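Architecture at a glance
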Amino acid sequence: MLQRSDTHIYKSDIPVYLDVVKTFRAWSVQYDGKTPWLYSYVKLCRWPYQKELVAECDRPEKHPSPEVSCDCGIYGSKYYDPRYYDSSVFGIVKLWGRIIEHEYGYRSQYAYPESFIVWCYKCSSKENLKAIFYQGDSFLTILCFDCWNKRLEEINCILIQEKDVKVLSQFEIQEIISKLHSLYNVPEFVYTKESIKL
């Protein structure tokens, strides 16, 4: 249950005081060959380990973030639908500080992941994963074996045309997933009927 505290949620123009708000969130995986990070693919930033992500507006007119009249802030969704996210990492994020509520989610001042799962970005399977590692921009495209085989012709074209691309094995992906959970010190998101009700 949410408690009254110093967190402000702005809905219309009426502030409501609440504690931490838990929402759904998707990320990409950035990887330099040794260390993985959760990465925001909209704002384009790495999420820090064991420390909150702080929202900043990148517009010339500086103001506290988030702001009602701007689209800045750290986003979280009210609704669970992994098909909508089209991403390799999905989970629950805790939002706090200054918070603005919208119809489908929130924008906040601070955020940190509570739990996440790394899976096939096409079908949300977490079994038998492989990845294409784009070494130039340091991103992983993660697929399960079934989706990999369905896209084999496309993958082979990428491997032939791109110079800085490497295929990562199931073992390498599992090591990266373990490292991610360890570095962020959070458990795997467990997919149950209860876990998708916030």
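Predicted model only: the values in this text are computed from it and were never measured. (Residues numbered from 1 in each chain as written. Predicted model: local features only at pLDDT ≥ 70, side-chain atom pairs only at ≥ 80, totals over all residues. Heavy atoms only, no water.)

1. Let's talk about the environment of C147
- Tracing the chain through its elements places C147 in helix 2 (residues 145-150).
- Using a relative accessible area of 8% as the deciding quantity, one classes C147 as buried.
- Once the C-alpha coordinates of C147 and Y121 are considered, the two residues, 26 residues apart in sequence, prove to be 9.3 Å apart.
- In contact with C147, other than residues within four places in its own chain, are C120, K122 and C123. (Helix = DSSP H or I, 4+ residues; strand = E, 2+ residues; numbered from the N terminus. Buried < 20%, exposed > 50% of the residue type's maximum accessible area, 1.4 Å probe, protein only. Contact = heavy atoms within 4.5 Å.)

2. Focus on unusual backbone geometry
- Geometrically, the link from S65 to P66 is a cis peptide bond, its omega value of 0° lying close to zero.
- Examined against the element boundaries, P66 turns out to sit in the loop between strand 6 (53-54) and strand 7 (74-77).
- Phi is positive for Q50, which is not a glycine, with a value near 50°.
- Inspection of the secondary structure assignment puts Q50 in the loop between strand 5 (45-46) and strand 6.

3. Quick look at helix 4 (residues 170-184)
- Its 15 residues place the ends of helix 4 21 Å apart at the C-alpha level, agreeing with the 21 Å of an ideal helix rising 1.5 Å per residue.
- Within the span of helix 4, buried status applies to I173, I176, I177, L180, H181 and Y184. Projected down its long axis, helix 4 shows its buried positions confined to an angular sector of 130°, all on one face. Within helix 4, the exposed residues directed more than 90 degrees away from the buried face are F171 and S182.
- Where helix 4 is buried, its residues contact strand 3 (21-31), strand 4 (36-40), strand 9 (105-118), strand 10 (129-134), strand 11 (139-144) and strand 12 (165-168).
- Taken from the residues just after helix 4, N185 is the one with a positive phi, measuring 55°. (Expected span 1.5 Å × (residues − 1). Arc of directions from axis to C-beta.)

4. Considerations on the nonpolar core
- Of all hydrophobic cores here, the largest spans 42 residues; its most connected members are L38, W47, F116, L140, L168, L180 and Y184.
- In contact with L38, other than residues within four places in its own chain, are W27, S28, C45, R46, W47, V89, P113, F116, L180 and Y184.
- The next biggest cluster of nonpolar side chains, apart from the first, holds 7 residues, and it includes F24, F90, I92 and W119. (Core = buried A, V, L, I, M, F, W, Y, C linked by side-chain atoms within 4.5 Å.)

5. So, the packing of aromatic side chains
- Applying the stated rule across the entire model yields 13 aromatic pairs.
- Relative to W119, the ring of F90 has its centre 5.7 Å away and its plane inclined at 15°; by these criteria the two rings are stacked. Linking F90 in strand 8 (residues 89-101) with W119 in the loop between strand 9 and strand 10, this pair joins segments that are 29 residues apart in sequence.
- Members of the aromatic cluster, connected to one another through ring pairs, are W27, W37, W47, Y49, Y112, F116 and Y184.
- Above the face of the W37 ring, R46 is positioned so that its terminal group lies 3.5 Å from the ring centre.
- Taking NZ or CZ as reference, K130 lies 5.8 Å from the ring centre of F145, over its face. (Phe/Tyr/Trp six-rings, centres within 6.5 Å; stacked < 30°, edge-to-face > 60°. Lys NZ or Arg CZ within 6 Å of the ring centre and 35° of its normal.)

6. A few points about the pairing of strand 9
- Of all the 14 residues making up strand 9, 11 are buried; the element is thus mostly covered by neighbouring parts of the structure.
- Sheet topology places strand 6 next to strand 9; 2 bridges connect them, and they run antiparallel. Pairing of L53 across the sheet is with A111, part of strand 9.
- Bridge analysis of strand 7 against strand 9 gives 4 bridges, and the strand direction is antiparallel. (Pairing = 2+ DSSP bridges.)

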